[in-house]
Amino acid sequence: RRTTRRALYISAIVILALAGYFVYRYVAAMPIGMPEQFADARAKGGVISEDIVRVSEDLKGDIARANELDKQWKYREASEATAAASVKVGEIRTRALELAGELERMTEAMSGIRSTEARAAASEAIGKRLEMIQHLITYSEKTTDLLVVKRDLRTSHVLRLINLAF
């Protein structure tokens, strides 16, 4: 229960961070003189971030479903929900690495930004996004650990039930 709450808490933090990014992305105006490569990488990064949010929401649902199924002793279905969650964790990690690639493209294109202030703002934004990627990777590692613990606890419980039956 405590690890599930922790995973949901971490999930909420990730979603809030990504929501902040989207607000920034859609509210902030593009600086004048932005290179096309920078703007393209920024737009693709936004799409990737939206995918990460969607998959994170799905992941949260899979974990909640697995918990509910465990409570009902429906271990096969709970294992399937946990496996689906594991796939989503992998998707989040892959998409985070793709996002890092877009940030690399943005960094390469920064030299084409004419305004010193705009270049500084772009540099700061890239730094914040890199921090977010690190949090996503940590989140995926912690969620993987949670899913392994859940699987091991479920296996242990099933083995105890089998031993009691014989």
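Residues numbered from 1 in each chain as written. Predicted model: local features only at pLDDT ≥ 70, side-chain atom pairs only at ≥ 80, totals over all residues. Heavy atoms only, no water.

Our next topic: the confidence of the model for the protein chain. Per-chain confidence: the protein chain averages 83 in pLDDT, with 89% of residues scoring 70 or above. The lowest-confidence element of the protein chain is helix H1 (residues 2–27), averaging 71 in pLDDT; the highest-confidence one is helix H3 (residues 75–109), averaging 92. (pLDDT = per-residue confidence, 0-100. Helix = DSSP H or I, 4+ residues; strand = E, 2+ residues; numbered from the N terminus.)

The next subject is the pattern of salt bridges. Overall, the coordinates contain 12 salt bridges when judged by the stated rule. A salt bridge links Arg105 to Asp40; the shortest N-O distance between them is 2.7 Å. Taken together, the residues span a long stretch of sequence, with Arg105 in helix H3 and Asp40 in helix H2 (residues 36–71) at a distance of 65 residues. By relative accessible area, which is 22% here, Arg105 ends up partly exposed. Here Arg95 makes a salt bridge to Glu98, at a shortest N to O gap of 2.2 Å. Remark: Glu98 and Arg95 occur in helix H3; sequence separation between them is three residues, near one turn of the helix. Overall, Glu98 belongs to the partly exposed group, its relative accessible area being 33%. One network of salt bridges, with partners in common, ties together Asp40, Lys44, Glu102 and Arg105. (Salt bridge = Lys/Arg side-chain N within 4 Å of Asp/Glu carboxyl O. Buried < 20%, exposed > 50% of the residue type's maximum accessible area, 1.4 Å probe, protein only.)

It is worth spelling out unusual backbone geometry at this point. When glycine is set aside, most residues are seen to have a negative phi, and most peptide bonds are trans. Despite not being glycine, Trp73 has its phi angle at roughly 65°, a positive value. Structurally, the position occupied by Trp73 is in the loop between H2 and H3. Exposure remark for Trp73: the relative accessible area of 55% places this residue in the exposed category.

This paragraph deals with H2. The periodicity of an α-helix, 3.6 residues per turn, causes residues three or four places apart in sequence to face the same way. Compared with an ideal rise of 1.5 Å per residue, which puts 36 residues at 52 Å, H2 spans 53 Å between its outermost C-alpha atoms and is within 8% of the ideal. Downstream of H2 by one or two residues, Trp73 has phi in the positive range, about 65°. (Expected span 1.5 Å × (residues − 1).)

Mapped onto the fold, Asn67 is located in helix H2. For the pair Asn67 and Thr4, spaced 63 residues apart in the sequence, the C-alpha separation amounts to 8.2 Å. In this view, Asn67 contacts Thr4 and Lys150; residues no more than four positions away in its chain are not counted. (Contact = heavy atoms within 4.5 Å.)

Okay, a positive patch on the surface next. A cluster of like positive charges, contributed by Arg2, Arg5, Arg6 and Lys142, occupies part of the molecular surface. Relative to the assigned elements, Arg2 resides in helix H1. (Patch = residues over 30% accessible without salt bridge, like charges linked within 9 Å, V, L, I, M, F, W, Y side chains within 5 Å. Areas by Shrake-Rupley, 256 points an atom, 1.4 Å probe, with all protein chains shown as cover. Lys, Arg positive; Asp, Glu negative; His and termini not counted. Charge placed at Lys NZ, Arg CZ, Asp CG, Glu CD.)

Along the chain, Ile113 falls in the loop between H3 and helix H4 (116–165). When the C-alpha positions of Ile113 and Met34 are compared, they lie 5.3 Å apart, and in sequence the two are 79 residues distant.

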